[in-house]
Amino acid sequence: MIALILSLVLLLVAPAAVGKAGPEPNTQAPQRPPAAERLLTIAQLQYGGGGDWYANPSSLPNLLKEIRTRTGLPVAERPAHVKLTDAALWTYPYIYITGHGNIRFTDEEVVILRRYLLSGGFLHADDNYGLDESFRREIRRVFPDKELVELPADHPVYHTLYKFPQGLPKIHEHDGKPAQGFGIIHEGRLLVYYSYQSDLGDGWEDPEVHGNPPEIREAALRMGVNLFLYALSQVVS
């Protein structure tokens, strides 16, 4: 039912209901493109600092395929790649950041990311072992007035389509710590979701890359579908 509702709504709107790159947040959304260009996708964020922003190259194509298959939504085959300074950023409702190394935003990028998120955008940060310290540092620069808070297991993101009664599933070992899902919330809306000590992207990759058992890979894909649907439900609500 949720897939049908979102399909009908999203086919009538531009690919994102986030404000354009203007001086103030909540400005008018970009003009709607032709229908052929209105496929939904996830934009993988290209950042500076030396980290491998391009990590897990098969993960997002696989996730997008599963979203398309399982929900019937008009989803592209490939993710987009975007920098925070690109004008195209404002056409994507969902951006994804991962990697194993250092993230560093410029002062300009900090301002843009804050504006993007407060204007309706959504960021999923996926802890790909080695990302944690720099991500926490940079997101504090974006939102010095807000904290990353652990989301309870009854949060809607864990129940959008698939049910995760224990919250974020554990996909990879990392430091042996439990998987945790953190968020930054503004006026009741989830702006940032940070999947920590889980590594969903590794679970989305081609099966032979990490050799995950089918049930682990399925859990990662189901969580990815939930995140996508939840992010879009915020855009159209």
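So, how was this worked out
Residues numbered from 1 in each chain as written. Predicted model: local features only at pLDDT ≥ 70, side-chain atom pairs only at ≥ 80, totals over all residues. Heavy atoms only, no water. Helix = DSSP H or I, 4+ residues; strand = E, 2+ residues; numbered from the N terminus. Buried < 20%, exposed > 50% of the residue type's maximum accessible area, 1.4 Å probe, protein only. Contact = heavy atoms within 4.5 Å. Pairing = 2+ DSSP bridges. Right-handed = clockwise from strand over helix to strand, strands pointing away. pLDDT = per-residue confidence, 0-100. Axes fitted to C-alpha atoms, helices over the stretch in contact; angles between N-to-C directions.

Glancing now at the overall build of the protein. The number of helices and strands found in the protein is seven helices and seven strands. Mapped in sequence order, the helices and strands of the protein form the string α-β-α-β-β-α-β-α-β-β-β-α-α-α. Counting over 237 residues, the protein shows a buried share of 56%. Taking all contacts inside the protein whose residues are at least 6 apart in sequence as the whole, residues at least 24 apart take part in 74%.

Another aspect to go through is the pairing of strand β3 (residues 94-97). Along β3, one buried face is formed by Y94 and Y96 and the opposite face, lined by I95 and I97, is buried too. Summarising the sheet, strand β1 (residues 43-45) and β3 pair through two bridges and their orientation is parallel. Looking at β3, one finds that Q44 is bridged to Y96. Viewed along the sheet, the connection from β3 through helix α3 (residues 107-118) into strand β4 (residues 122-126) turns out right-handed.

A few words on the confidence of the model for the protein. Low pLDDT means the predicted coordinates in that region are not meant to be read closely. Scored by pLDDT, the protein has a mean of 87; 84% of the residues are at 70 or more. Scored below 50 in pLDDT, residues 22-36 shows 23 contacts in the model against residues more than four places distant or in partner chains.

We now examine the sheet that holds β1. Taken in spatial order, the seven strands of this open sheet run β2-β1-β3-β4-β7-β6-β5, and their pairing is mixed. Two strands close off the open sheet at either side, each with one partner strand: β2 (80-82) and β5 (149-150). Note that β3 and β4 share four bridges and pair parallel. Its bridge partner lying in β4, Y96 is registered against H124. Relative to strand β7 (residues 189-196), α3 is tilted by about 120°, and along the sheet it contacts β3, β4, β6 (180-186) and β7. Each of β4, β6 and β7 is contacted by helix α4 (residues 132-142), which is oriented at about 160° to β7, the strand it contacts most.

A word on unusual backbone geometry. Leave glycine aside and you will find that most residues have negative phi; peptide bonds, for their part, are mostly trans. Positive phi outside glycine occurs at E187, with the angle close to 50°. By secondary structure assignment, the location of E187 is in the loop between β6 and β7. Positive phi outside glycine occurs at Q197, with the angle close to 60°. Tracing the backbone shows Q197 in the loop between β7 and α5 (200-204). Among the residues examined, Q197 registers a relative accessible area of 2% and is labelled buried.

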